[in-house]
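Survey of secondary and tertiary structure
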Amino acid sequence: MSAIRALRQLALPSSRALASHSVARTFARSALAARVAPVVASRAFSVSARRAGEGASDVALAQRLAEELKYENEAAVPGEPEFLKTFKAQGPWAIEDASGADEVTLSRKFGNEDIRLIFSIADLQTEQEPEFEEGEEAAETEESETPLHSFPIRCSFSFTKSGASGALTIDAMCQEGTFVIDNISYYNDAKVGTELTAEADWKRRGYYLGPQFDTLDVSLQDEFDKFLQERGINQTLAYFVPEYAEYKEQKEYVRWLDNVKGFVEA
């Protein structure tokens, strides 16, 4: 279990993440259902012979998956998005993004330090639609307007040095262009603090995680903020993380549609 998965168990689930995107998907599915339902019914019942192992609902399900996949592909912007091109051009962070994985790793060098940031797209959840009392809808709508990409993403930072055996780790929440630090931990063994294995995760559970960051003296908090800013852990990065998380989630969703469709049709 990775550090970000352990962090996920400790934090409260909260997200205004893909409200607009998820609503768009819902509307798309509703529209598609209305458009293809009659065709599906006639085609499903017109099949006189099915292949061995094929269920009666397979054709209808495969068609719906194909319709959804077609919609997503047509709505997608071709090529690499501008925000990603800009981020790569600015450097110095390298992006490690494995297809099918729900975690993304950013890494960079700073002097003799190796810095790693891990975040997960699993934090992107559909926001529940607010319930309005009669006559309050307009006022609530004005007050509920939030900046783009305001949903929270849990992040795990690790810092190691070539001339030191230990590791510093920081658990934080990324939201609205800032990193809100939860706690800062130190491990004498860098492998325990940074390895993404079940064994290392188990060992970390027995270590002191450090004080809650907001209980530290304000002047000490300020110095830690300067420490992070100097290493490029700043507003630019805090805006990039949720934007890339949404971008990756969309890629994985399209990949999921294609894989499931292929499996159903096999």
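A brief report on the enclosed structure follows. (Residues numbered from 1 in each chain as written. Predicted model: local features only at pLDDT ≥ 70, side-chain atom pairs only at ≥ 80, totals over all residues. Heavy atoms only, no water.)

Notes on the overall build of the protein chain
A tally of helices and strands in the protein chain yields nine helices and six strands. Among the 266 residues that make up the protein chain, the fraction classed as buried is 38%. Taking as baseline every contact in the protein chain between residues at least 6 positions apart, the subset at least 24 positions apart corresponds to 68%. Approximately 15700 Å² of the protein chain is accessible, and the part contributed by carbon and sulfur atoms is 54%. (Helix = DSSP H or I, 4+ residues; strand = E, 2+ residues; numbered from the N terminus. Buried < 20%, exposed > 50% of the residue type's maximum accessible area, 1.4 Å probe, protein only. Contact = heavy atoms within 4.5 Å. Areas by Shrake-Rupley, 256 points an atom, 1.4 Å probe, with all protein chains shown as cover.)

Looking at the pairing of strand S4 (residues 153–161)
For S4, the buried fraction is high: eight of the nine residues fall into the buried class. One ladder, built from seven bridges, connects strand S3 (residues 113–120) with S4; its direction is antiparallel. What sits directly across from Phe119, in S4, is Cys155. Sheet topology places S4 next to strand S5 (residues 167–175); eight bridges connect them, and they run antiparallel. (Pairing = 2+ DSSP bridges.)

What to know about helix H4 (residues 82–90)
Along H4, the positions that sit buried rather than exposed are Phe83, Leu84 and Phe87. Along the axis of H4, the buried positions cluster into a sector of 100°, meaning they face one direction only. Opposite the packed face of H4, turned more than 90 degrees from it, sit the exposed residues Glu82 and Ala89. Tucked inside the fold, the buried residues of H4 contact strand S1 (94–96), strand S2 (103–110) and helix H9 (235–265). One or two residues past the end of H4 sits Gly91, with phi positive at roughly 65°. (Arc of directions from axis to C-beta.)

Comments concerning the pattern of salt bridges
The full count for this structure, using the stated rule, is 17 salt bridges. Among the salt bridges present, the one from Lys88 reaches Glu80, with a minimum N-O distance of 2.7 Å. In this structure Lys88 comes out as partly exposed when scored by relative accessible area, which is 47%. Measuring nitrogen to oxygen at the nearest pair gives 3.2 Å for the salt bridge that ties Glu265 to Lys261. You can see Glu265 and its partner Lys261 sitting in helix H9, four residues apart, about one turn around the helix. Here Lys261 falls in the buried class, since its relative accessible area comes to 18%. Counted as one network, the salt bridges with shared partners bring together Asp97, Lys248, Lys251, Glu252 and Arg255. (Salt bridge = Lys/Arg side-chain N within 4 Å of Asp/Glu carboxyl O.)

Considerations on the packing of aromatic side chains
With the rule as written, the count across this model stands at 10 aromatic pairs. With a centroid separation of 6.2 Å and 15° between ring planes, the pair formed by Tyr253 and Trp256 is classed as stacked. On the criterion of helical spacing, the pair formed by Tyr253 and Trp256 is a turn pair, its members being three residues apart in helix H9. On the basis of relative accessible area, Tyr253 is assigned to the buried category, the value being 9%. By relative accessible area, which is 47% here, Trp256 ends up partly exposed. Feature note: the residues Phe83, Phe87, Phe240, Tyr244 and Tyr247 constitute an aromatic cluster, connected by ring pairs. Positioned above the aromatic ring of Trp93, the side-chain terminus of Arg108 is 5.8 Å from the ring centre. (Phe/Tyr/Trp six-rings, centres within 6.5 Å; stacked < 30°, edge-to-face > 60°. Lys NZ or Arg CZ within 6 Å of the ring centre and 35° of its normal.)

A word on the packing of H4 against H9
For any two helices packed against each other, the geometry is given by the interaxial angle and the distance between the axes. Where H4 meets H9, the axes come as close as 11 Å, and the angle between the chain directions of the two elements is 135°. Overall, the two elements H4 and H9 adopt an arrangement that is oblique. Our pair here, H4 against H9, has a crossing hand that is left-handed. Counted together, Phe83, Leu84, Phe87 and Gln90 of H4 and Thr236, Leu237, Phe240, Glu243, Tyr244 and Tyr247 of H9 form the full contact between these two elements. Its residues assigned to classes, the contact of H4 with H9 shows seven nonpolar, two polar and one charged. (Axes fitted to C-alpha atoms, helices over the stretch in contact; angles between N-to-C directions. Parallel < 35°, antiparallel > 145°, perpendicular 65-115°, else oblique. Left-handed = near helix turned anticlockwise from the far one by under 90°. Nonpolar A, V, L, I, M, F, W, Y, C, P; charged D, E, K, R; others polar.)

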